[in-house]
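Geometric and topological summary
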Amino acid sequence: MGGTIDKDYPRLTSGFAFEFGEDAAASRILKAHPNLGIKYDVVCVCKKDSQEIDEKDREKLLLEIIRISDETVNTDRSCKRIVVTHGTDTMIETARYIQEKIQSQPSINKNISIAFTGATKPERFVDSDAVFNLGSAISITAQPVNGLSVMICMNGNVCSAEKCVRIENGVFCHKLTDN
């Protein structure tokens with residue numbers, strides 16, 4: 001989906017006007033770790049800052065997830081693992097949208113583990129949290145689930161999308177109360 005994780009050093013301007021690069025950060029990270037023991041496909045739905053993601057982009061993501069989940073029905077795999085890289089500003093909103101839409105449509109295969117992740121600095125930066133966050137998201141989707149699981153995985157925290165909040169310092173965590 002884009003976001004900071006996929007941003008690259010600017011080619012056309014100087015300073016911090018980051019642009020989206022050719023390859024997704026997930027592709028570069030996964031290619032750099034060939035011994036993971038997993039098969040994967042990287043699909044680009046859009047390359048946008050999360051503040052620019054709209055209903056049409058979320059719908060495209062939903063359709064891609066449905067396509068992937070339908071493929072699972074015809075394979076021997078019991079659960080489909082999906083990791084979505086996304087900008088942090090609207091990650092929770094998109095994760096909740098996906099969860100709500102999948103839950104409300106009875107024809108969709110619900111045996112899906114979806115983890116949303118991103119980064120606070122572009123993956124190209126030496127001190128980026130992108131590799132750690134992507135690895136965490138891949139790991140959490142490997143956990144057995146019975147039914148739909150939509151999570152946010154950021155900086156060592158794993159939260160269900162429905163209970164996730166982002167507090168003032170940018171940390172993603174579970175909402176402790178309903179107040």
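Cut-offs and rules
In this convention, every chain numbers its residues from 1, walking through the sequence in written order. Selection of residues for local features in this predicted model requires a pLDDT of at least 70, selection of side-chain atom pairs for listing and counting requires 80 or more, and totals for whole chains, interfaces and linings are taken over all residues. Only heavy atoms go into the side-chain values, all of them from the structure, while hydrogens and water stay out. Only runs of H or I of at least four residues qualify as helices and only runs of E of at least two qualify as strands under DSSP, and these elements are numbered from the N terminus. Burial here depends on accessible area, computed with a 1.4 Å probe over protein chains only, as a share of the maximum for the residue type. Under 20% is buried, over 50% is exposed, and the range in between is partly exposed. Two residues qualify as a contact provided that any one of their heavy atoms is within 4.5 Å of a heavy atom in the partner residue. Per-residue and other accessible areas were derived by the Shrake-Rupley procedure at a 1.4 Å probe size, with only the shown protein chains allowed to occlude residues. Strand pairing is defined by DSSP finding a minimum of two bridges between the two strands. For helices, the axis comes from a line fit to the C-alpha atoms of the stretch in contact; other axes are also lines fit to C-alpha atoms, and the angle between any two N-to-C directions lies between 0 and 180 degrees. What a helix is expected to span follows from its residue count: subtract one and scale by 1.5 Å. The nonpolar core is taken to be a set of buried Ala, Val, Leu, Ile, Met, Phe, Trp, Tyr and Cys residues, with the residues joined through side-chain atoms within 4.5 Å. What makes a salt bridge here is a side-chain nitrogen of Lys or Arg within 4 Å of a carboxyl oxygen of Asp or Glu, nothing more. A residue's pLDDT is the confidence the predictor assigns to it, expressed on a 0 to 100 scale.

What follows deals with the overall build of the chain. A count of helices and strands for the chain gives four helices and eight strands. Counting over 179 residues, the chain shows a buried share of 46%. Residue pairs in contact within the chain that sit at least 24 positions apart in sequence constitute 63% of those at least 6 positions apart. When the accessible surface of the chain is summed, it comes to about 10,100 Å², and 50% of that surface belongs to carbon and sulfur atoms.

Residue N155 is not a glycine yet carries a positive backbone phi of 50°. You can see N155 is positioned in the loop between β5 (149-154) and β6 (157-160).

Attention shifts here to the sheet that holds β6. Spatial strand order, β3-β4-β5-β6: four strands in an open sheet with mixed pairing. Edge positions in the sheet fall to β3 (80-85) and β6, since each has one partner strand and no second. Ignoring which end each strand starts from, the neighbouring axes of this sheet average 25° apart. Two elements, β3 and strand β4 (residues 112-117), share six bridges in a ladder whose sense is parallel. By the bridge assignment for β4, R81 is matched with S113. In the packing of helix α3 (residues 91-104) onto the sheet, contacts are made with β4 and β5, and the angle to β4 comes to roughly 165°.

The end-to-end C-alpha separation of α3 is 20 Å, in line with the 20 Å expected for 14 residues at 1.5 Å each. All of the buried residues in α3 are M91, I92, T94, A95, Y97, I98, Q99 and I102.

Moving on, we come to the nonpolar core. Among the nonpolar cores identified, the biggest contains 29 residues, and L61, I65, I98, I102, I114, F116 and I152 are the most heavily contacted of them. Among the elements of the structure, α2 (55-73), β3, α3, β4 and β5 are those that each provide at least two residues to this core. In terms of residues, this core owes the most to one element, α3, which gives six residues. In this structure, I5, I29, A130 and I138 belong to the second largest nonpolar core, which totals nine residues.

Scanning the model with the defined rule gives seven salt bridges in all. As a salt-bridge pair, E123 and R28 come within 2.5 Å of each other at their nearest N and O atoms. With a gap of 95 residues between them, E123 in the loop between β4 and α4 (130-141) and R28 in helix α1 (residues 25-31) connect regions that are remote in the sequence. On the basis of relative accessibility, which here comes to 17%, the residue E123 falls in the buried class.

Further remarks concern the confidence of the model for the chain. For the chain, the mean per-residue pLDDT works out to 85, and 87% of the residues sit at or above 70. Mean pLDDT across the elements of the chain ranges from a minimum in strand β2 (residues 19-20), with 58, to a maximum in α3, with 96.

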